[in-house]
Amino acid sequence: MQAAALSSAAGTDTPAPGLSYAWPRMFPGIKLALLAACALTVPLAAGAHAHLLRSTPAAASVLAVAPAQLQLDFSETAVLTSLSLERSGDPVRQKLTPRPGAPQARLVIELPPLVAGSYLVRWRALSADGHISSGSFGFTLQAK
Ligand SMILES: [Cu+2]
């Protein structure tokens, strides 16, 4: 077992074999089982409600021209319940009030005029099945 060899090499275990020595060797197995369980659960949960597939501006993108709109593409129809834009260094987070409307998989939001800087978009959405999901992503607008 590779993990047991690692923990022995770290010097945390007594070299003498015994019952107490068996536990550290078992824990890596338990952790792996938990990881496997999470890996199975997370995609199912994510598939059950609206999550952000892509955005324009894209996450981590660097733009030369200020975007006039923000476009969010979700995995299923949703309405935005909260949306904000924060420019790095600015004390105030700008709230973008989402327009009320029918749930859509593609949501387009008009942006105010943006100055150069690094921005963080925070969103929260309510999907058709009643579940709420949220996330954030950043983009940078270069100085002219
Ligand atoms: Cu859901």
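Residues numbered from 1 in each chain as written. Predicted model: local features only at pLDDT ≥ 70, side-chain atom pairs only at ≥ 80, totals over all residues.

## Section: the overall build of the chain
For step 1, the next point in the chain: Looking only at helices and strands, one finds two helices and seven strands in the chain.
For step 2, the next point in the chain: What you see in the chain, going N to C, is helices and strands ordered as α-α-β-β-β-β-β-β-β.
For step 3, the next point in the chain: Long-range pairs, those at least 24 residues apart, make up 65% of the contacts in the chain with a sequence separation of at least 6. (Helix = DSSP H or I, 4+ residues; strand = E, 2+ residues; numbered from the N terminus. Contact = placed C-beta atoms within 7 Å.)

## Brief notes about the nonpolar core
For step 1, the next point in the chain: Leu 72, Phe 74, Tyr 119, Val 121, Trp 123 and Ala 125 are the most contacted members of the largest nonpolar core, which totals 15 residues.
For step 2, the next point in the chain: Looking at this core, the element that brings in the most residues is strand β3 (residues 69-87), giving six residues.
For step 3, the next point in the chain: Leave out the neighbours within four places in its chain, and Leu 72 touches Leu 52, Ser 55, Leu 107 and Trp 123. (Core = buried A, V, L, I, M, F, W, Y, C linked by C-beta atoms within 7 Å. Buried ≥ 20, exposed ≤ 12 C-beta atoms within 10 Å, placed from the backbone.)

## Observations regarding the pairing of strand β6 (residues 117-127)
For step 1, the next point in the chain: Here nine bridges tie β3 to β6, and the two strands are oriented antiparallel to one another. Among the inter-strand pairings, Ser 82 is bridged to a residue of β6, identified as Arg 124.
For step 2, the next point in the chain: As judged from the 10 bridges shared by β6 and strand β7 (residues 132-141), these two strands associate in the antiparallel manner. Counted as the bridge partner of Trp 123 is Gly 135 from β7.
For step 3, the next point in the chain: Taken together, β6 and the strand that follows it, β7, pair antiparallel across an intervening segment of four residues, in which Gly 130 is found at a positive phi of about 90°. (Pairing = 2+ DSSP bridges.)

## Observations regarding the environment of Ala 116
For step 1, the next point in the chain: Within the secondary structure, Ala 116 is located in the loop between β5 (104-110) and β6.
For step 2, the next point in the chain: With 14 C-beta atoms counted inside 10 Å, the residue Ala 116 sits in the partly exposed group.
For step 3, the next point in the chain: The residues contacting Ala 116, other than those within four sequence positions of it, are Leu 141, Gln 142 and Ala 143.

## A few points about the confidence of the model for the chain
For step 1, the next point in the chain: For the chain, mean pLDDT is 77; residues scoring 70 or higher make up 67% of the total.
For step 2, the next point in the chain: Mean pLDDT across the elements of the chain bottoms out in helix α1 (residues 2-9) (40) and peaks in strand β2 (residues 61-63) (98).
For step 3, the next point in the chain: Contacts from residues 1-24, a stretch scored under 50 in pLDDT, to residues over four places away or in other chains number 11 contacts.
For step 4, the next point in the chain: Across residues 30-46, confidence stays below pLDDT 50; counting only partners more than four residues off in sequence or on other chains, it has one contact. (pLDDT = per-residue confidence, 0-100.)

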